[in-house]
Amino acid sequence: MGEFFKGWRRKNGVLTLGLACAFAAAWIRSEVTCDSIQVIINGHKYRLYSYKSSLTLDEDAFYPLNGHLD
């Protein structure tokens, strides 16, 4: 089995196939499930979410870092 992975082209091929399978699984999952990530940077809230085979980035204009509107 060790001789199967000799050579950089074969290693890159296996890596590319693995990445393609991961992206295909995420694409199929996004048909029925909404996944999102939220990040606050310098008072701006960014949200990246996938749903119904689309990838969307939203930005709120201002989000107070302490949670209070002063």
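Data block above holds the structure.
Along each chain, residues carry numbers from 1 onward, in the same order as the chain's sequence is written. In view of the model being predicted, local features appear only for residues whose pLDDT reaches at least 70, and side-chain atom pairs are presented and counted only at 80 or more, with totals across whole chains, interfaces and linings using the full set of residues. By convention in this description, side-chain values take in all heavy atoms of the structure and omit both hydrogens and water.

1. Thoughts on the overall build of the protein
Alright, step 1. Assigned secondary structure in the protein consists of one helix and three strands.
Alright, step 2. When its helices and strands are written in sequence order, the protein yields α-β-β-β.
Alright, step 3. Exposure classes here rest on a 1.4 Å probe applied to the protein chains alone. A residue is buried below 20% of its type maximum, exposed above 50%, and partly exposed in between. Every one of the 70 residues in the protein was classed for burial, and the buried ones make up 7%.
Alright, step 4. Residue contacts are counted whenever heavy atoms from the two residues lie within 4.5 Å of one another. When contacts within the protein are restricted to residue pairs at least 6 apart in sequence, those whose partners lie at least 24 apart make up 4%.
Alright, step 5. Areas reported here follow the Shrake-Rupley algorithm with a probe of radius 1.4 Å; residue values treat only the protein chains shown as occluding. Carbon and sulfur atoms provide 62% of the accessible area of the protein, an area that totals close to 6200 Å². Secondary structure counts use DSSP, requiring at least four H or I residues in a row for a helix and at least two E residues in a row for a strand, with both numbered from the N terminus.

2. Some thoughts on the pairing of strand 1 (residues 35–41)
Alright, step 1. By the bridge criterion, seven bridges tie strand 1 to strand 2 (residues 44–51) in an arrangement that is antiparallel. Each bridged residue has a counterpart across the sheet, and for Ile 40 the counterpart in strand 2 is Lys 45.
Alright, step 2. DSSP bridges decide pairing: two strands pair if at least two such bridges lie between them. Hairpin connection of strand 1 to strand 2: two residues between the antiparallel strands, including Asn 42 at a positive phi of 50°.

3. Some remarks on the sheet that holds strand 2
Alright, step 1. The strand order across the open sheet formed by three strands is 1-2-3, and the pairing between neighbours is antiparallel. Whereas interior strands pair on both sides, the edge strands pair on one side only; in this sheet they are strand 1 and strand 3 (54–60). Strand-to-strand twist across the sheet, computed as the mean angle between neighbouring axes with direction ignored, equals 15°. Note on geometry: axes are lines fitted to C-alpha atoms, helical ones only across the stretch in contact, with angles between N-to-C directions running from 0 to 180 degrees.

4. Overview of a nonpolar patch on the surface
Alright, step 1. Where nonpolar side chains cluster on the molecular surface, the patch consists of Ile 37, Val 39, Ile 41, Leu 48, Leu 55 and Leu 57 and spans about 580 Å² of accessible area.
Alright, step 2. Inspection of the secondary structure puts Ile 41 in strand 1.
Alright, step 3. Under the relative-accessibility criterion, Ile 41 is labelled partly exposed at 44%. Surface patches are defined over residues having more than 30% relative accessible area and no salt bridge, joining like charges when they lie within 9 Å and nonpolar side chains (Val, Leu, Ile, Met, Phe, Trp, Tyr) when within 5 Å. Salt bridge, as applied in this entry: a Lys or Arg side-chain nitrogen positioned within 4 Å of an Asp or Glu carboxyl oxygen.

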